[in-house]
Amino acid sequence: QVGAYADLVLSAHDTVVERASDDLPDGLLPDRYITVALRDWPLNPAGFEEALAAELDRISEQTGLAVAFVPFDPDDVHIHHRVAERMRAKMVVEIASRLAMPEMLSVVKHSAMAVAMRLHCSILHHVLGKPAIGLDYNEKVGSHFREMGRGAYLIPLDSVAGSLSTAALRASADPEVTRRQIEEGLASLTPKVEEAFQELFSAIEGHEP
């Protein structure tokens, strides 16, 4: 009785573009930062935050991109701060509270890449043809990346050291190839998205107040 469904947000390209604010948070320049969205998960392994900080430092040094910690939930700011404190890179921006939706969409719209535990951070980047590195803390994250054909960019929490930066640098090496691969993955999921919407609309139409 377990199945894989396509998240409805996979159809949100036009909504992201149209509803995104014209402004970015202070310290962020268009296409010059990586969006990081973590979760203070109780099963995060020992040494995870230290390894992640070192990997983000390497990515920033190799690409010249700033690292922006963006909370998709108010509780995310705590793990973001702990990781940021362990980094040596100077180009680090911590957003201290969850942004309103137009500002959040603006951050995604102008982001170069995502490194995320939060599933919808990865999905929104994929919707715009942008690379995302998924930190595999939950089956829904792994399922999304595999269904998209992006399993090579799914990193187990206990294998962050070395693997994360390698995947990120590979994704950023040829942006056009990466975009094309992501678009192909989205296209392959279109029937599942349509099926999910049909199921939703059927439930709405069949509802008896």
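Okay, so let's go over this structure. (Residues numbered from 1 in each chain as written. Predicted model: local features only at pLDDT ≥ 70, side-chain atom pairs only at ≥ 80, totals over all residues. Heavy atoms only, no water.)

Concerning the sheet that holds strand 1 (residues 33-37)
Turning to step 1, where the next piece is worked out: Read from one edge of the open sheet, 6 strands run 3-2-1-4-5-6, paired in parallel fashion. Each having just a single partner strand, strand 3 (92-94) and strand 6 (154-156) make up the two edges of the open sheet. Going across the sheet, the axis of each strand differs from the next one's by a mean of 20 degrees, ignoring polarity.
Turning to step 2, where the next piece is worked out: Looking at chain direction, strand 2 (residues 66-69) and strand 3 are connected through 3 bridges and run parallel. Looking across to strand 3, one finds that valine 67 is bridged to valine 92. (Pairing = 2+ DSSP bridges. Helix = DSSP H or I, 4+ residues; strand = E, 2+ residues; numbered from the N terminus. Axes fitted to C-alpha atoms, helices over the stretch in contact; angles between N-to-C directions.)

A word on unusual backbone geometry
Turning to step 1, where the next piece is worked out: Phi at aspartate 31 is positive, roughly 65 degrees, even though this residue is not glycine.
Turning to step 2, where the next piece is worked out: With respect to the helices and strands, the residue aspartate 31 is situated in the loop between helix 1 (13-19) and strand 1.
Turning to step 3, where the next piece is worked out: According to the relative accessible area criterion, aspartate 31 is partly exposed, its value standing at 43%. (Buried < 20%, exposed > 50% of the residue type's maximum accessible area, 1.4 Å probe, protein only.)

Quick notes on the pattern of salt bridges
Turning to step 1, where the next piece is worked out: Taken as a whole, this structure holds 8 salt bridges when the rule is applied.
Turning to step 2, where the next piece is worked out: In this structure, arginine 82 engages aspartate 40 in a salt bridge whose closest nitrogen and oxygen atoms are separated by 2.9 Å. Remark: aspartate 40 occurs in the loop between strand 1 and helix 2 (48-63) and arginine 82 occurs in helix 3 (residues 76-86); sequence separation between them is 42 residues.
Turning to step 3, where the next piece is worked out: The partly exposed category is assigned to arginine 82, whose relative accessible area is 27%.
Turning to step 4, where the next piece is worked out: Shared partners join several salt bridges into a network, and the residues in it are Asp40, Glu49, Glu50, Arg82 and Arg86. (Salt bridge = Lys/Arg side-chain N within 4 Å of Asp/Glu carboxyl O.)

Considerations on the pairing of strand 4 (residues 113-116)
Turning to step 1, where the next piece is worked out: Neither face of strand 4 is exposed, since Met113 and Val115 on one face and Ala114 and Ala116 on the opposite face are all buried.
Turning to step 2, where the next piece is worked out: Sheet analysis places strand 1 next to strand 4, joined by 4 bridges and oriented parallel. The residue of strand 4 that forms the bridge with alanine 37 is alanine 116.

What to know about the nonpolar core
Turning to step 1, where the next piece is worked out: Of all hydrophobic cores here, the largest spans 66 residues; its most connected members are Leu38, Leu52, Leu56, Phe69, Ile133, Leu135 and Leu164.
Turning to step 2, where the next piece is worked out: Discounting residues that sit within four places of it in the chain, isoleucine 133 has contacts with Met113, Ala114, Val115, Ala116, Phe145, Tyr153, Ile155, Leu164, Ala167 and Ala168. (Core = buried A, V, L, I, M, F, W, Y, C linked by side-chain atoms within 4.5 Å. Contact = heavy atoms within 4.5 Å.)

Brief notes about the packing of helix 5 (residues 119-127) against helix 6 (residues 139-147)
Turning to step 1, where the next piece is worked out: It is at 10 Å that the axes of helix 5 and helix 6 come closest, and there the two elements cross at 15 degrees. In this view, helix 5 runs roughly parallel relative to helix 6, as classed from their interaxial angle. The two elements helix 5 and helix 6 meet at a crossing, and its hand is left-handed. Here Leu119, Ser122, Ile123 and His126 of helix 5 come into contact with helix 6, specifically with Lys140, Val141, His144 and Phe145. (Parallel < 35°, antiparallel > 145°, perpendicular 65-115°, else oblique. Left-handed = near helix turned anticlockwise from the far one by under 90°.)

Things to note about the packing of helix 2 against helix 3
Turning to step 1, where the next piece is worked out: Close contact between helix 2 and helix 3 brings their axes to 8 Å; oriented N to C, the two are set at 60 degrees. Compared by their axis directions, helix 2 and helix 3 come out oblique. For the element pair helix 2 and helix 3, the recorded crossing hand is right-handed. Here Phe48, Glu49, Glu50, Leu52, Ala53, Leu56 and Asp57 of helix 2 come into contact with helix 3, specifically with Ile79, Arg82, Val83 and Arg86.
Turning to step 2, where the next piece is worked out: Residue composition of the contact of helix 2 with helix 3, by class: 6 nonpolar, no polar and 5 charged. (Nonpolar A, V, L, I, M, F, W, Y, C, P; charged D, E, K, R; others polar.)

Section: the packing of aromatic side chains
Turning to step 1, where the next piece is worked out: Scanning the entire structure with this criterion turns up 2 aromatic pairs.
Turning to step 2, where the next piece is worked out: Ring geometry for tryptophan 41 versus tyrosine 137: centroids 4.9 Å apart, planes at 70 degrees, classification edge-to-face. Of the two residues, tryptophan 41 is situated in the loop between strand 1 and helix 2 and tyrosine 137 in the loop between strand 5 (132-136) and helix 6; the sequence distance between them amounts to 96 residues.
Turning to step 3, where the next piece is worked out: Among the residues examined, tryptophan 41 registers a relative accessible area of 22% and is labelled partly exposed. (Phe/Tyr/Trp six-rings, centres within 6.5 Å; stacked < 30°, edge-to-face > 60°.)

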